[in-house]
Every structure is written in structure tokens, then in C-alpha cells.
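# Architecture and fold: a report
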Amino acid sequence: MYFENKTVEDIIVDQAVLVEVMEKNGLECHGGWDYDRMTFDKRFDIKEGRYYLRVFCTAVSGDCGNNSASLKILKPALGKYYYPHGVEYGDDEVFPAHLVKKCEAILENVKKDLAELGIA
């Protein structure tokens, strides 16, 4: 499930600032990067299963490897984890309403934190 045009999509921000804001909101990037992309995740283990809120970013300048990138935030997604295949984001997945609401609140907090820094 993708969160369409109502959150942080298309915001461009310095890598160090984005990492700080994401970590403040529970989204982490543990190895989810290469030189021109970063992915921030928040894992949810609930009775319905394991889910991930993912915020994808791409470098518009600089290099993620040496922490000099300016990152554009892409469309955030919520996916369900299936062992051993991975995370599925498809339209045929069922996402609990309470989880969707929580993810929307997290993304709104990220947007608010960026706005307070004069970025959004």
C-alpha cells in the first residue's frame, strides 16, 4: 500500500538532517542504502503479522556513501512481510486500519518535523 501525495513525498532534504528526523520518528536505515538511494523502515509486529512502513529516498546530488547526499523522498509504502519471500505492497494485501492510521501519523510527524526546520 502506497501513501499517495499526502505525506512527505517529493521533499528534498540533506541526508544528515533526514536521518536525524527519521530516527526521531522510529524509522531506521540499517544497511538499506547504496550510493544513490536510502530506505528507512519501521517494523510493526502485531497480531495480524509483521508489517513494515518504508520510506524510499533517492539522491538528487551527492553520495549516500560519504553522507553528502541531498535526498528526494519518494512515495512511502506499507508492506506485509512473508517468510521467506519478503515484503509485499500489493493492492490485494489487507492492512489493518489501526496500523494504517498509525503509519499516517508517523509520516505526518516526519513532515511536521521537517517543516519546523524550514524544509517542507
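Residues numbered from 1 in each chain as written. Predicted model: local features only at pLDDT ≥ 70, side-chain atom pairs only at ≥ 80, totals over all residues. Heavy atoms only, no water.

The chain carries the name YugN family protein in an unreviewed UniProt entry, which gives Ureibacillus suwonensis as its organism.

## What about the overall build of the chain?
Counting its regular elements, the chain contains two helices and seven strands. Scaling as 2.2 N^0.38, a compact globule of 120 residues should have a C-alpha radius of gyration of about 14 Å, and the chain matches this with 14 Å. In terms of its C-alpha atoms, the chain occupies a principal-axis envelope of roughly 40 × 30 × 20 Å. In the chain, buried positions account for 38% of the 120 residues. Within the chain, contacts between residues at least 6 apart in sequence are counted, and of these 57% link residues at least 24 apart. As presented, the chain carries roughly 6800 Å² of accessible surface, and 48% of it is formed by carbon and sulfur atoms. The centroid of the 15 positive side-chain charges in the chain is displaced by 6 Å from the centroid of its 21 negative side-chain charges. (Helix = DSSP H or I, 4+ residues; strand = E, 2+ residues; numbered from the N terminus. Rg over C-alpha atoms; globule rule 2.2 N^0.38 Å. Buried < 20%, exposed > 50% of the residue type's maximum accessible area, 1.4 Å probe, protein only. Contact = heavy atoms within 4.5 Å. Areas by Shrake-Rupley, 256 points an atom, 1.4 Å probe, with all protein chains shown as cover. Lys, Arg positive; Asp, Glu negative; His and termini not counted. Charge placed at Lys NZ, Arg CZ, Asp CG, Glu CD.)

## A closer look at the environment of Q15
Tracing the chain through its elements places Q15 in helix α1 (residues 15-24). In this structure Q15 comes out as buried when scored by relative accessible area, which is 3%. Spatially, the C-alpha atoms of Q15 and C64 are 7.4 Å apart, while their sequence positions differ by 49 residues. When near neighbours in sequence (up to four residues on either side) are disregarded, Q15 contacts M38, D63, C64, N67, S68, A69 and L71. At 3.1 Å, the side chain of Q15 forms a polar contact with the side chain of N67. (Polar contact = N/O pair within 3.5 Å; in protein donor to acceptor, adjacent residues only side chain to side chain.)

## What to know about helix α2 (residues 97-116)
The end-to-end C-alpha distance of α2 is 29 Å, a good match for the 28 Å that 20 residues give at a rise of 1.5 Å each. Taken together, the buried positions of α2 are occupied by L99, V100, C103, I106, L107, V110, D113 and L114. When α2 is viewed along its axis, its buried side chains cluster within an angular range of 150° and face the same direction. Exposed residues pointing more than 90 degrees away from the buried face of α2 are listed as A97, K101 and E116. (Expected span 1.5 Å × (residues − 1). Arc of directions from axis to C-beta.)

## Some thoughts on the pairing of strand β6 (residues 77-82)
Sheet analysis places strand β4 (residues 49-61) next to β6, joined by four bridges and oriented antiparallel. Bridge pairing in β6 links R54 to A77. (Pairing = 2+ DSSP bridges.)

## Here's the deal with the pairing of β4
Both strand β3 (residues 37-46) and β4 contribute to a ladder of ten bridges, which runs antiparallel. By the bridge assignment, D41 is partnered in β4 with R54. From the end of β3 to the start of β4, which pair antiparallel, there are two residues. Two elements, β4 and strand β5 (residues 70-73), share four bridges in a ladder whose sense is antiparallel. Looking at the pairing, C57 lines up with I73 of β5.

## Concerning the pattern of salt bridges
Within this structure, the stated rule accounts for seven salt bridges. Taking the shortest distance from any N to any O, the salt bridge between R50 and D45 comes out at 2.6 Å. Beyond isolated ion pairs, a larger network of salt bridges with shared partners links R43, D45 and R50. (Salt bridge = Lys/Arg side-chain N within 4 Å of Asp/Glu carboxyl O.)

## As for the environment of D92
Take D92: it is sitting in the loop between β7 (86-88) and α2. In this structure D92 comes out as exposed when scored by relative accessible area, which is 66%.

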